[in-house]
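What the coordinates show
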Amino acid sequence: MRKPEIEGFTLTEIIIIVAIIGLLAAFGIPSFRQARINSIANAKEKNIRIIEAAVAKWAEENKKVEGDPVAASDIHPYIEGVTDAASLTSPDGPLTVGSSVPTLPATVGDTAHY
């Protein structure tokens, strides 16, 4: 009578597979994290450009001069896709005509809020 052969993976094969998965994770996770940071930075830059364009359009249509204060409710109609004017407030203080919206650098610490 023949002994039944035990099928399965050897310890060496399992160790090699775990090592390969570890290498893939070591290269993939930092790349994914950097891609996420870049996408957040790009979204911030796009939002800044949209807000600056809205302020410029509002100032032109309302004959405002540089230095005039701008409220979020003033530029709300000029920004597409924004449903809440309060979301346009800046933690750095009020916007004025001619001022640029401060750029916010994307750092690893920023990603904790998204």
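See the structure shown above.
Residues numbered from 1 in each chain as written. Predicted model: local features only at pLDDT ≥ 70, side-chain atom pairs only at ≥ 80, totals over all residues. Heavy atoms only, no water.

Things to note about the overall build of the protein chain
- In terms of regular secondary structure, the protein chain is built from two helices and two strands.
- Starting at the N terminus and walking to the C terminus, you meet the elements of the protein chain as α-β-α-β.
- Relative to its 114 residues, the protein chain shows a buried fraction of 18%.
- In the protein chain, of all internal contacts separated by at least 6 residues, the share reaching a separation of at least 24 is 65%.
- Carbon and sulfur atoms make up 61% of the accessible area of the protein chain, which amounts to about 9,100 Å² in all. (Helix = DSSP H or I, 4+ residues; strand = E, 2+ residues; numbered from the N terminus. Buried < 20%, exposed > 50% of the residue type's maximum accessible area, 1.4 Å probe, protein only. Contact = heavy atoms within 4.5 Å. Areas by Shrake-Rupley, 256 points an atom, 1.4 Å probe, with all protein chains shown as cover.)

Looking at helix 1 (residues 11-61)
- Here helix 1 is 51 residues long and its end C-alpha atoms lie 74 Å apart, about the 75 Å a rise of 1.5 Å per residue gives.
- Taken together, the buried positions of helix 1 are occupied by Ile37, Ile40, Ala41, Lys44, Ile48, Ile51, Ala54, Val55, Trp58 and Ala59. (Expected span 1.5 Å × (residues − 1).)

Here's the deal with unusual backbone geometry
- Phi is positive for Lys63, which is not a glycine, with a value near 50°.
- Here Lys63 falls in the exposed class, since its relative accessible area comes to 73%.

Section: a nonpolar patch on the surface
- There is a patch of nonpolar side chains on the surface, built from Phe9, Ile14 and Val18 and spanning about 330 Å² of accessible area.
- Along the chain, Val18 falls in helix 1.
- Residue classification places Val18 among the exposed residues on the basis of a relative accessible area of 53%. (Patch = residues over 30% accessible without salt bridge, like charges linked within 9 Å, V, L, I, M, F, W, Y side chains within 5 Å. Salt bridge = Lys/Arg side-chain N within 4 Å of Asp/Glu carboxyl O.)

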